[in-house]
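Residues per chain, in single letters:
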Amino acid sequence: MRGWILLAWLMAAPATAGDDLAQMNAVSKAWDRYANLSSEGKEASVEWLAPSSLKHYGFLRDAALYASSAQLRRVPMSDRAIVYAFRATQQADALAALDDTAVAALCTRENRCGVAGPGEGESLASLSHVTVIGDDLAMGEMGPPNGTQFMFGPELVRDGGRWKVRVESMVINETTLLQQQMQRSGISEDDMMQAI
């Protein structure tokens, strides 16, 4: 009996490995599609956002409409820049009329969110590795470990049978990059926010 169980397990293992590889490839393709569309400011990128990300953009709309200066100081810098951009470029009543999806589309169209286009001689940000966690969550890495830390990128979730990007999972990394740019350039946070 044990032999049959072992044989059944061995026969099932390659299918599981193949399924994992197919899921990792599906995650990478979903990221690539989102990255390509958003880097070009195309509203179609919104289709590749997780429901939690759409709610996140709704939060940023509400922060632009109602948050005080003290409240905004508690918002991570990369999100705060989007809030300030909304305040500077949108009429309050027009912004309030947008649902979460329309806010994400506006943000993408104006190149205030999404993946940055590649610089000269660079390629678009892609995933170097994908780890699928359970049935509905995946974690991407933007490069190999550098010896002291992993280079974690976006989380993706399965929604409606498709993998979708959770942009809010990248807010801390984006804020860290802004802080590094401030340190290199020697400008203050207020100056960085005004420049953005």
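Scroll up a little and you will see the structure.
Residues numbered from 1 in each chain as written. Predicted model: local features only at pLDDT ≥ 70, side-chain atom pairs only at ≥ 80, totals over all residues. Heavy atoms only, no water.

## Some points on the pattern of salt bridges
Counting across every chain of the model gives nine salt bridges. The partner of Asp62 in a salt bridge is Arg61, and the shortest N-O contact between them spans 3.0 Å. Put simply, Arg158 and Asp136 hold a salt bridge, and the shortest N to O gap is 3.3 Å. Note that Arg158 is positioned in strand 3 (residues 151–159) and Asp136 in the loop between strand 1 (129–133) and strand 2 (137–143), a separation of 22 residues in sequence. What makes Arg158 partly exposed here is its relative accessible area of 28%. Here the salt bridges share partners, and the residues they tie into one network are Arg61, Asp62 and Asp100. (Salt bridge = Lys/Arg side-chain N within 4 Å of Asp/Glu carboxyl O. Helix = DSSP H or I, 4+ residues; strand = E, 2+ residues; numbered from the N terminus. Buried < 20%, exposed > 50% of the residue type's maximum accessible area, 1.4 Å probe, protein only.)

## Digging into the pairing of strand 2
Burial of strand 2 is extensive: five of the seven residues sit out of reach of the surface. In this structure, strand 1 lies alongside strand 2, joined through five bridges in antiparallel fashion. Across the sheet, the residue bridging to His129 is Glu141, located in strand 2. In textbook terms, the turn of a hairpin is the stretch between consecutive antiparallel strands, and for strand 1 and strand 2 this stretch comprises three residues, one of which, Gly134, has a positive phi near 70°. Summarising the sheet, strand 2 and strand 3 pair through five bridges and their orientation is antiparallel. (Pairing = 2+ DSSP bridges.)

## Topic: the nonpolar core
In this structure, Trp31, Tyr34, Leu49, Tyr57 and Phe86 are the most contacted members of the largest nonpolar core, which totals 37 residues. If you list the elements that add at least two residues to this core, you get helix 1 (2–39), helix 2 (51–66), helix 4 (77–89), helix 6 (100–109) and strand 4 (162–166). Among the elements that take part in this core, helix 1 stands out by supplying six residues, more than any other. Setting aside its immediate chain neighbours within four residues, Leu49 contacts Tyr34, Leu54, Tyr57, Ala104, Lys164, Val165 and Val167. (Core = buried A, V, L, I, M, F, W, Y, C linked by side-chain atoms within 4.5 Å. Contact = heavy atoms within 4.5 Å.)

## Quick look at the sheet that holds strand 3
Strands sit in the order 1-2-3-4 across an open sheet of four strands; the sheet is antiparallel. Sheet topology places strand 1 and strand 4 at the edges, where each strand pairs with a single neighbour. The average angle at which neighbouring strand axes cross in this sheet is 30°, direction not considered. (Axes fitted to C-alpha atoms, helices over the stretch in contact; angles between N-to-C directions.)

## Quick word on unusual backbone geometry
Of note in the backbone geometry, Asn111 takes a positive phi value of approximately 55° without being a glycine. Along the chain, Asn111 turns up in the loop between helix 6 and strand 1. We classify Asn111 as exposed; its relative accessible area is 54%.

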